[in-house]
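Breakdown of the fold
Below are the chains, spelled out letter by letter.
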Amino acid sequence: MTNSPMARPSSRQSVSSPAAEGASMRMSPEAAPLRAAPGFLKRGSGPVPGRRFLPQIGGLGLVLLADWLVSPQFFALRLQDGRLFGSVIDVLNRGAPVTLLSLGMTLVIATGGIDLSVGAVIAISGAVAASLVNGGLPVPLTIIAALSAGILCGAWNGLLISVLRIQPIVATLTLMVAGRGIAQLITEGVIVTFVNPSLSEIADGSWFYLPAPVMLVLGMLAVTLVLVRATALGLMIEAVGVNRRASELAGIGARSIIFLVYVWSGLCAAVAGLVLTADIKGADANNAGLWLELDAILAVVIGGTSLLGGRFSVVMAVLGAWIIQAMNTGILLSGFPPEFNLIVKSVVVLVILVVQSPVLGGLNPRSLFCGRGR
Amino acid sequence: MMRCKFIGIMALALVAATGSARAADRLVVGFSQIGSESGWRAAETKVAKMEAEKRGIELKISDAQQKEENQIKAVRSFIAQGVDAIFIAPVVATGWEAVLKEAKDAKIPVILLDRGIDVKDEGLYLTVVRSDAVYEGQVAGEWLAKAATGACNIVELQGTVGASVAIDRKKGFEKIVSETPRLKIVRTQSGDFTRAKGKEVMESFIKAENGGKTICAMYAHNDDMAIGGIQAIKAAGLKPGKDILVVSIDGVPDIFKAMADGEANASVELTPDMAGPAFDALLAFKANGTVPPKWIKTTTRLYQPDTAKAEYERRKDLY
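As the structure is a computational prediction, the values presented were derived from the model and not from experiment.

**Things to note about the nonpolar core**
- Grouped together as the largest cluster of nonpolar side chains are 92 residues, with contacts concentrated most on Leu100, Leu101, Leu103, Leu107, Ile122, Ile237 and Val314 of chain A.
- At 15 residues, the largest contribution of residues to this core is made by helix 13 (residues 254–280) of chain A.
- With residues up to four places along the chain from it excluded, the contact list for Leu100 of chain A reads Leu216, Val217, Met220, Cys268, Val271, Ala272 and Val275 of chain A.
- Among the nonpolar cores identified, the runner-up in size contains 30 residues, and Trp40, Ala43, Phe87 and Ile111 of chain B belong to it.

Put into structure tokens, the structure is as follows:
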């Protein structure tokens, strides 16, 4: 580790700590192009930095090809009411909720945790938004309230996990179950519909010819990337994910890091909840975001982030979410009987995961014998 | 709504006037309700209360929160309290033999609401009050066969794959389509009975069918999917209700709003009044031992935009 990336001058961590070494060993290769500033160029992450992402990019390519085969007009685009209209746009637009979730989920999983509550947080934030806007609250305040609800849920998870050290899967499972109940209490068990063009704009609006949810995704992606890759936050998250105790000994505030990733996940889920609620112009506490936590975890895993924590890639998780949605849209376009939906989906996911397998992927045959070597 | 309230108040007044002597003779019915997972379910409970009040019956409702074990517990406690009859809206079809036998031994008649069950001995329950989902699909199909002049390409938004309601509503609709050569189902997919999925599926149908130009009608297995589909049609720059005819099933308040706005054309009502016919059958049974048929079919009605506004007003507080 002579070329340790820890040697960057702005890094606040201890250079010599074993935890930081471990983290840098499993550092995300995505960091390389983003921080390709003079002085950091020497850092090696394999001969071709993008090579580890070939399964994802190839996977997306294959799924899009399949989409085009079942539906020749798949790539056709036209302008409709000042916004691009076509199946590709649908993929980006319909995939927005899962993509938003995967942004938060990636960071949570990178710390070795998991957030099962995001689907329920979607329901809560949607319920809050729909109820408040019907109560006559101005739209900006409604949005702030809905986002605060998500942050509060994330903080609750973070508290249980970072301070009380409850296992993430259990801690977030409680909110996954209770959260939907909370949302049902807010909506009083009915679908709360609203008529408010400004709030609907979150889903119906268009910026630069793209649907607003797509722009929201790009914006949140940019913010997440700046947070984790332009600061040392990403490294710290990786360090905590590799070995919490060692990272604490190295001076990283693991407790705050873990707390913050759950808050971020809650916020991302709240944004997704706003998108879904604005989309159907109503809050459906029973169904909004149902099972989306699993799609988000799948997107993160397809993106090559290990559930064990440590290495992560936000961009690849987004790509993973798009793969899932491109598949869903393709199935809908194909005209297959709906009984096949789940089978087709799981086969495609399985193929991508098998290609990624360190044993079959052939990207690094030595890993078979050398364990964790890079 | 006002009329129902009025009748309710009258019934209350009647009970109050006749005094406590009658109160002892009042029929007591225990009702194990599934929960309140949908607006329709909540309406079913509300209507059951209103219908009981109308007839001077005391109704004890137990909310099972989607769990069969809670329902079995509730039925046992109704038996222990010695109620005159038990209504069950069963959450699942199996596992009812033992507890129903207990009710039979206690000579308490059991009436099932909204859903049937699988038991070997049908004598374990008096009757089941539920709609005919195949017929609902058929009514929707018949309306479309009349409304669509000339050849008509239909897209279908199915309910959750494998749900019995979805299977039956598809079957009834397909029967009419197969009898009418002008009609053709060109696309069919599951929208999981939700607005969000209905919208997503309809979006892709529109893309797959030449921007929606070749679609003449949308048939949705429930109103919520239809409402999602209507939004997708609008987003594609088409007029729901005109460019693409919209027919769906359930009769929830929001579809009446859509019909009043000219965005939906017809909805087949699944009445939330399951308890009313059950009370009537029970009263006849108690009075002179009239055994009702094993399946009391609730009335299936098709609603169209002309009455939509009034129907919306009538329903909006019920759901």
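**So, the packing of aromatic side chains**
- Summed over all chains, the structure comprises six aromatic pairs over all chains.
- Judged by centre distance (6.5 Å) and plane angle (70 degrees), the rings of Phe31 of chain B and Phe87 of chain B are edge-to-face. Residue Phe31 of chain B is located in strand 1 (residues 28–33), and its partner Phe87 of chain B is located in strand 3 (residues 85–88); the two are separated by 56 residues in the primary sequence. Summarising the burial analysis for this pair, Phe31 of chain B and Phe87 of chain B share the class buried.
- What links up through ring pairs into an aromatic cluster is the set Phe31, Phe87 and Phe279 of chain B.
- The ring centre of Phe85 of chain A lies 4.2 Å from the NZ or CZ of Lys207 of chain B, which sits over that ring.
- Its end group placed over the ring of Tyr303 of chain B, Arg315 of chain B keeps NZ or CZ at 5.0 Å from the ring centre.

**Looking at the state of the cysteines**
Residues and elements named next belong to chain B.
- Throughout the structure, instances matching the rule amount to one disulfide over all chains.
- One disulfide bridge connects Cys152 with Cys216, the sulfur atoms lying 1.8 Å from each other. In this structure the cystine formed by Cys152 and Cys216 twists about its S-S bond by roughly -85 degrees; its chirality is therefore left-handed. You can see Cys152 sitting in strand 6 (residues 152–158) and its partner Cys216 sitting in the loop between helix 8 (195–208) and strand 8 (217–220), a full 64 residues away along the chain.
- Note on Cys152: relative accessible area 1%, which makes it buried.
- On the accessibility criterion, Cys216 (19% relative accessible area) is buried.

**Points about the pattern of salt bridges**
Residue and element names in this part refer to chain B.
- Within the structure shown, the criterion is met by 30 salt bridges over all chains.
- For Arg55, the salt bridge goes to Asp280, with nearest N and O atoms at 2.9 Å. On the criterion of sequence distance, the pair formed by Arg55 in the loop between helix 3 (39–54) and strand 2 (58–63) and Asp280 in helix 11 (residues 275–288) is long-range, its members being 225 residues apart.
- Since its relative accessible area comes to 40%, Asp280 is described here as partly exposed.
- The residue Glu179 makes a salt bridge to Lys175 at a minimum N-O spacing of 3.6 Å. Of this pair, Glu179 and Lys175 both sit in helix 7 (residues 164–179), four residues apart, which is roughly one turn of that helix.
- According to the relative accessible area criterion, Glu179 is exposed, its value standing at 52%.

**Re a negative patch on the surface**
Residues and elements named next belong to chain B.
- Taken together, the side chains of Glu97, Asp118, Asp121 and Glu122 make up a negatively charged region of the molecular surface.
- Note that Asp121 resides in the loop between strand 4 (110–113) and strand 5 (127–130).
- On the basis of relative accessible area, Asp121 is assigned to the partly exposed category, the value being 38%.

Definitions and limits used
Residues numbered from 1 in each chain as written. Chains lettered and ligands numbered in written order. Predicted model: local features only at pLDDT ≥ 70, side-chain atom pairs only at ≥ 80, totals over all residues. Heavy atoms only, no water. Core = buried A, V, L, I, M, F, W, Y, C linked by side-chain atoms within 4.5 Å. Buried < 20%, exposed > 50% of the residue type's maximum accessible area, 1.4 Å probe, protein only. Helix = DSSP H or I, 4+ residues; strand = E, 2+ residues; numbered from the N terminus. Contact = heavy atoms within 4.5 Å. Phe/Tyr/Trp six-rings, centres within 6.5 Å; stacked < 30°, edge-to-face > 60°. Lys NZ or Arg CZ within 6 Å of the ring centre and 35° of its normal. Disulfide = S-S within 2.5 Å. Salt bridge = Lys/Arg side-chain N within 4 Å of Asp/Glu carboxyl O. Patch = residues over 30% accessible without salt bridge, like charges linked within 9 Å, V, L, I, M, F, W, Y side chains within 5 Å. Areas by Shrake-Rupley, 256 points an atom, 1.4 Å probe, with all protein chains shown as cover. Lys, Arg positive; Asp, Glu negative; His and termini not counted. Charge placed at Lys NZ, Arg CZ, Asp CG, Glu CD.

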